[in-house]
Amino acid sequence: MLPMTQGDSELDSLVRKRIRALRVAQGWSLEELADRARFSQSTLSRIENGRRRLALDQLVALARALDTSLDQLVETASDDVVTSPMIDSAHGLMRWPVKGDPGMSVVRQRMTEPPQDHPSRMRAHPGREWLVVLSGTAVLLLGNRRFRVETNQAAEFPTMLPHAIGAEGGPCEILGIFDRDARRGHQRDTPRADSGDHA
């Protein structure tokens, strides 16, 4: 059994709620998850409702059945839910680190110029990027291809392809998510916000 002290009662309750929420999100009945975890339906019901102590072997089986890890299943709630951005006024950027994955960051940027389409201005580096256009229309140059990305549309691409992003027909604002490698690639040479590149 998992040793539970008084201070662990909140975690115990959180884990039970998380199991139920994950099951419901998958659209599974108690019976379906119990079958996947090789439990009886009554055992799973008692686990979810707090009428049975949480055993480590059961948590391992539930994590596997729910396609998550034991660490994620028993992760404690974080008090620092809300964060403020780091402001880079020189480049017109707002940047938020992603705490759950310290290698990732979220960047908000306003662009006014079209992308630099000269091959020497396009970048390539390890990683992946994802971006959504918050307002206006952006142009993504990716290798030899040109994509228009309009308000509320998103783009995701491997950054080993030479790429540049800029505005089309007026200012645009994007929100980008960079993995560790993509972020490092851009930090080595951060351009000005109105240059038609992105950070």
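Once a new chain begins, its residue numbering starts again from 1 and follows that chain's sequence as written. Local features in a predicted model are, by the rule used here, given only for residues with pLDDT of at least 70; side-chain atom pairs are given and counted only at 80 or more, and totals for whole chains, interfaces and linings are based on all residues. To obtain the side-chain values, all non-hydrogen atoms of the structure were included, while hydrogens and water were left out.

(A) The sheet that holds strand E5 (residues 137-142), seen in detail. Only strands that DSSP links by at least two bridges are regarded as paired with each other. Numbered from the N terminus, helices here are DSSP runs of H or I no shorter than four residues, and strands are runs of E no shorter than two. Taken in spatial order, the 3 strands line up as E6-E5-E8 in an open sheet, and their pairing is antiparallel. Two strands bound the open sheet, and with one partner strand each, they are strand E6 (145-150) and strand E8 (163-167). Averaged over all neighbouring strand pairs, the angle between strand axes comes to 20°, with direction disregarded. Pairing analysis gives 5 bridges linking E5 to E8, with the strands arranged antiparallel. Bridge pairing in E8 links Leu141 to Ala164. Helix axes are fitted to C-alpha atoms over the stretch in contact, other axes to C-alpha atoms as well, and angles between N-to-C directions run from 0 to 180 degrees.

(B) Focus on the pattern of salt bridges. Salt bridge, as applied in this entry: a Lys or Arg side-chain nitrogen positioned within 4 Å of an Asp or Glu carboxyl oxygen. Following the criterion strictly, the structure yields 7 salt bridges and no others. A salt bridge links Asp12 to Arg16; its shortest N-O distance comes to 2.7 Å. In this pair, Asp12 and Arg16 both sit in helix H1 (residues 9-25), 4 residues apart, roughly one turn of the helix. We note that Asp12, like Arg16, is buried. Only protein chains enter the area calculation, which uses a 1.4 Å probe; residues under 20% of their type maximum are buried, those over 50% are exposed, and those in between are partly exposed.

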